[in-house]
Each structure stands twice: as C-alpha cells, then as structure tokens.
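Given next are the chains, with one letter for each unit.
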Amino acid sequence: MSHNILFQQGNMQLLSEGLLDGTITLKELLSHGNTGIGTGEGIDGELIIIDGVGYKINHHGETEILNDSFNITFADTHFDHYQLLTEVDDVNLTTCLNDIKQLISGNNLFFSVKLHGNFKQITTRSAKKSVKPYPSLEKVGENQVEFTAKNVTGTLISYYSPMLYQGVTVAGFHSHFLADDLSIGGHVLTAEIDHVTAYTQIFRSFLQSNPIDDFDFIHADLSDINKLDTVIKNVE
Ligand SMILES: [Zn+2]
C-alpha cells in the first residue's frame, strides 16, 4: 500500500465516446484505495468511497451502500493519508479549492482535498443508469437529476488533476459529496461553506488502469480529443 499513488480506472475520453461498461468491481477497486469517487456501469449513480465503504447516490437522491460485486466504469481512489491543512469559513467551494491549490503550490500536482464540516448550501447531481446499447452522452445527460440541501454536514472528496491531463481525467477539481446522515450526496456542482476542516494529500504517482479485457474499449476510436471538452462537463 502506498499513500503516494492516485489510482484511476478508465479514462474520461472513454466515457465521452459512450463506453460505459463496468470494468472493475468495487472489491478490486478497494485494493487500490479506501477513499475515492467514481460512477457505476452505464453512469449508474455517483459514487463516493469513505473509509473503505463504497456509497452510491442514485437518481432519486438516495444513498446505497455498495456490495463488493458492484461494477464501476470510472473511478479515482487512493489510500487515505490526508494531512490537516486549515479551517475554512464562509466561502464558496470554488474559491476554497483554488485557495488551497495556491497554498500548496498544486498547479502541476495530482492531489486530493477532503473537507469535512458544515455547508450552508450544496447542489449535487446524479444520474439514472443507462443500459446497453448505451445512448449518446447527450441522452445520458437527460437522465441526470440535481439535488440541493441547506445547512448540511458531510464529507467532500475532491481530486485535482493538472490541465495537461484533460481527457485522461477531469482536469481541475472533481468533487463528490456525502452527508453524514446520508441525506444528500453526489457529484458536486456548487457549494457554500459554513465551516469545514480542510485536509490535503499530494500524490507522487498517477496510476491509470485501462480495461484491456473490454471488447468495446479495445475496438473504440478514442482519438477525437476535441469531442471531450464539449461533453466532459456533463458526464462524469
Ligand atoms: Zn463526478
């Protein structure tokens, strides 16, 4: 086990081409980390892994605890070795994350931010699972649902990837959330922080795993990287 490695299953280009097969089970993913974010086969909800437990926020906004055999299309995971950074009050999430990036000189680094505490407001997104043959990503986008809560306590896990890696992953911050009482969660769109404790973990290595046993992946044309920018905001 290494605290220096960020493990990623699949890549974002694959999602943008509608390759939504699950290519790793939760059990196998957990061998690469006990903390993470991702999505299930067919964009089956939004996932967050905290303390080695996988949670799915489904398209009704309900939180389910996942079993070992749950199939995952895309995920980032690592072993929790967060260091306490600072306390944060009264700021929106975007400003908070960018301030943290400045503070740790993180522009060219892969790192994770964990925030725990109270949020004045948070808006998240999840999606209804699509089945094969998978629809276009625009259609998948139509299956997405947004949820908002006020005055909620929970954990936000975010990964930052340098701009250089857009397409391989989501360049910039990619954040998922889960309330302590499981009342809301998902892919974070906006948030206003009341008071949170901020932790960071910097990775020396980025380990990206390709689904080499997946027929569709092997035979896909993933060379159109321009396509990605137009859809990346809507799919992960
Ligand atoms: Zn996401």
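In short, a report on the structure. (Residues numbered from 1 in each chain as written. Predicted model: local features only at pLDDT ≥ 70, side-chain atom pairs only at ≥ 80, totals over all residues. Heavy atoms only, no water.)

1. Description of the overall build of the protein chain
Note the cut-off: Strands here mean DSSP runs of E at least two residues long; helices mean DSSP runs of H or I at least four residues long; both are numbered from the N terminus. Any residue under 20% of the maximum accessible area for its type is buried, any over 50% is exposed, and the rest in between are partly exposed; the area is computed with a 1.4 Å probe on protein chains only. Computed with the Shrake-Rupley method and a 1.4 Å probe, the accessible areas treat only the protein chains shown as cover for residues. Counted as positive: Lys and Arg. Counted as negative: Asp and Glu, with His and the chain ends omitted from the count. Note on charges: their place is set at NZ of Lys, CZ of Arg, CG of Asp or CD of Glu.
Within the protein chain, the secondary structure is distributed over six helices and 13 strands. When the backbone C-alpha atoms are referred to their principal axes, the protein chain occupies close to 50 × 35 × 35 Å. Looking at the protein chain as a whole, 54% of its 236 residues are labelled buried. Only carbon and sulfur atoms are counted for the fraction: they give 49% of the accessible area of the protein chain, which is about 10500 Å². For the protein chain, the separation between the mean place of its 14 positive charges and that of its 30 negative charges on side chains is 2 Å.

2. Re the coordination of the zinc ion
For clarity, the threshold we go by: Listed donors are limited to N, O and S atoms within 2.8 Å of the metal, widened to 3.2 Å for Na, K and Ca; water is not among them, so incomplete-looking sites are possible.
All of the protein donors around the zinc ion are His 174 (NE2), His 176 (NE2) and His 187 (ND1); their distances to the metal are 2.1 Å. Mapped onto the polypeptide sequence, the residues donating to the zinc ion form the spacing pattern H-x1-H-x10-H. Of this pair, His 176 sits in strand E11 (residues 172-179) while His 187 sits in strand E12 (residues 185-203), placing them 11 residues apart in sequence. A single burial state applies to His 176 and to His 187, both of which are buried.

3. Comments concerning the packing of aromatic side chains
Quick reminder of the rule: Any Phe, Tyr or Trp ring, taking Trp's six-membered ring, that has another such ring centre within 6.5 Å forms a pair; planes under 30 degrees apart are called stacked, those over 60 apart edge-to-face, and the others tilted.
Scanning the model with the defined rule gives eight aromatic pairs in all. Measuring from centroid to centroid gives 5.8 Å for Phe 111 and Phe 173, while their planes differ by 80°, and the two rings are edge-to-face. Linking Phe 111 in strand E9 (residues 110-127) with Phe 173 in strand E11, this pair joins segments that are 62 residues apart in sequence. Aromatic side chains Tyr 160 and Phe 173 sit 4.9 Å apart centroid to centroid with 55° between the ring planes, which places their arrangement in the tilted category. Placement of Tyr 160 in strand E10 (residues 144-161) and of Phe 173 in strand E11 is noted, with a sequence separation of 13 residues between them. Its relative accessible area of 22% is what places Phe 173 among the partly exposed residues.

4. Regarding the nonpolar core
Rules: Side-chain atoms within 4.5 Å are what join buried Ala, Val, Leu, Ile, Met, Phe, Trp, Tyr and Cys residues into a set we call a nonpolar core. Whether two residues are in contact is decided by their heavy atoms, any of which lying within 4.5 Å being enough.
Membership of the largest hydrophobic core comes to 25 residues, with the highest contact counts inside it found for Leu 115, Phe 119, Ile 122, Phe 177 and Ile 193. For this core, the secondary-structure elements that each account for two or more residues are strand E8 (83-92), helix H3 (93-103), E9, E10, E11 and E12. With residues up to four places along the chain from it excluded, the contact list for Ile 193 reads Val 88, Asp 89, Asp 90, Val 91, Asn 92, Leu 93, Cys 96, Leu 115, Asn 118, Phe 119 and Lys 120.

5. Some points on H3
Where we set the bar: This arc is taken over the directions from the axis of the helix to the C-beta atoms.
The complete set of buried residues in H3 reads Leu 93, Cys 96, Leu 97, Ile 100 and Lys 101. End-on, the buried residues of H3 take up no more than an arc of 135°, which puts them together on one face. For H3, the exposed residues lying more than 90 degrees away from the buried face are Thr 94, Gln 102 and Leu 103. Packing partners of the buried residues in H3 comprise E8, E9, E10, E11 and E12.

6. Things to note about the pairing of E9
What counts, and what does not: One bridge is not enough; two strands pair if DSSP finds at least two bridges between them.
A large share of E9 lies buried, amounting to 16 of its 18 residues. Here E9 pairs with E12 via 15 bridges, running antiparallel. Each bridged residue has a counterpart across the sheet, and for Asn 118 the counterpart in E12 is His 195. Sheet topology places E9 next to E10; 16 bridges connect them, and they run antiparallel. Bridge assignment links Leu 115 to a residue of E10, and that residue is Leu 156.

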